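Each chain, letter by letter, is given below.
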Amino acid sequence: SGLTLAGAQDTLTMIMGRLFKSAKVKLTLTGLRSGIVFLTGEVRNPGAYDALPVERVSQIIARAGGIAPLGTRTHIKLIRAGEVYSIVDIERFETKGDLLANPYVQSGDVIQVPTVEGLATVKGAVFGRGESRLRAPTALAPELTRERTSEGIYELTPGAQVSDVISQAGGITPWAD
């Protein structure tokens, strides 16, 4: 009834103390209460999902099959009680570990994944989503060299500059030209 576990324990101890001398009540949590979270927009399987209060927005989206190809990863709206509670940035959460960019959900929340505003493809020597390989020594290049061929599609945000997109891709490698 809206009490914390400790608050419910204290209240029950007080009530039971009226009936039994030296009564002490000990409560133990055996499971978390689940709720329903609604997922709309550019996700593979929109709909209503059971969610625990220890789950984050990204976990619910993953359970729905992930973000659709045209969905944003940086401007997801978490709507709570009819108001935008938070703008979720899964990209920032995954690359920088920013927990505030991926909040916990509550029963009744709506997660709205809008269409991405723009995309850019980054190719070349960046620490991105592509593959990394060692190039074997040859007569022309007698040393073992590391080559990073990275190709990734990154979301453009309003006002983004080329350096912002390269930064999103992980930055330029030391062997880049």
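These numbers come from a predicted model, not from an experiment.

Reading the values: rules and limits
Residues numbered from 1 in each chain as written. Predicted model: local features only at pLDDT ≥ 70, side-chain atom pairs only at ≥ 80, totals over all residues. Heavy atoms only, no water. Helix = DSSP H or I, 4+ residues; strand = E, 2+ residues; numbered from the N terminus. Polar contact = N/O pair within 3.5 Å; in protein donor to acceptor, adjacent residues only side chain to side chain. Contact = heavy atoms within 4.5 Å. Core = buried A, V, L, I, M, F, W, Y, C linked by side-chain atoms within 4.5 Å. Buried < 20%, exposed > 50% of the residue type's maximum accessible area, 1.4 Å probe, protein only. Pairing = 2+ DSSP bridges. Axes fitted to C-alpha atoms, helices over the stretch in contact; angles between N-to-C directions.

### Focus on the side chain of arginine 56
- Tracing the sequence through the fold places arginine 56 in the loop between strand E2 (47-51) and helix H2 (57-63).
- In terms of polar contacts, arginine 56 uses its side chain to reach the backbone carbonyl oxygen of leucine 99, at 3.3 Å.
- Setting aside residues up to four positions removed in sequence, arginine 56 forms contacts with Phe93, Leu99, Asn102, Pro103, Tyr104 and Val105.

### Considering the nonpolar core
- By size, the foremost hydrophobic cluster in this structure holds 17 residues, and its most contacted members are Leu39, Val57, Ile60, Ile61, Ile76 and Ile111.
- With three residues, the top contributor of residues to this core is H2.
- The residues touching isoleucine 60, leaving out its near neighbours within four places in the chain, are Val37, Leu39, Tyr49, Ala51, Glu55, Val105 and Ile111.
- Membership of the second largest hydrophobic core comes to six residues, among which are Ala120, Val122, Val165 and Ala169.

### Some words on the side chain of asparagine 102
- Along the polypeptide, asparagine 102 turns up in the loop between helix H3 (90-96) and strand E5 (110-113).
- Leaving out residues up to four positions away in the same chain, asparagine 102 has contacts with Arg56, Val57, Ser58, Val88 and Phe93.

### Focus: the sheet that holds E2
- Strand order in the open sheet formed by five strands is E2-E1-E5-E3-E4, with mixed pairing between adjacent strands. Among the strands making up the open sheet, the edge pair consists of E2 and strand E4 (83-88). The sheet shows a mean angle of 25° between the axes of neighbouring strands, taken without regard to direction.
- Strand direction decides the pairing type here: strand E3 (residues 76-80) and E5, joined by three bridges, are antiparallel. Residue pairing across strands places lysine 77 opposite glutamine 112, the latter belonging to E5.

### Some details on the pairing of E2
- Relative to E2, strand E1 (residues 35-41) runs antiparallel, the two being bridged by five bridges. The partner of leucine 39 across the bridge, within E2, is glycine 47.
- Joining the antiparallel neighbours E1 and E2 is a turn of five residues.

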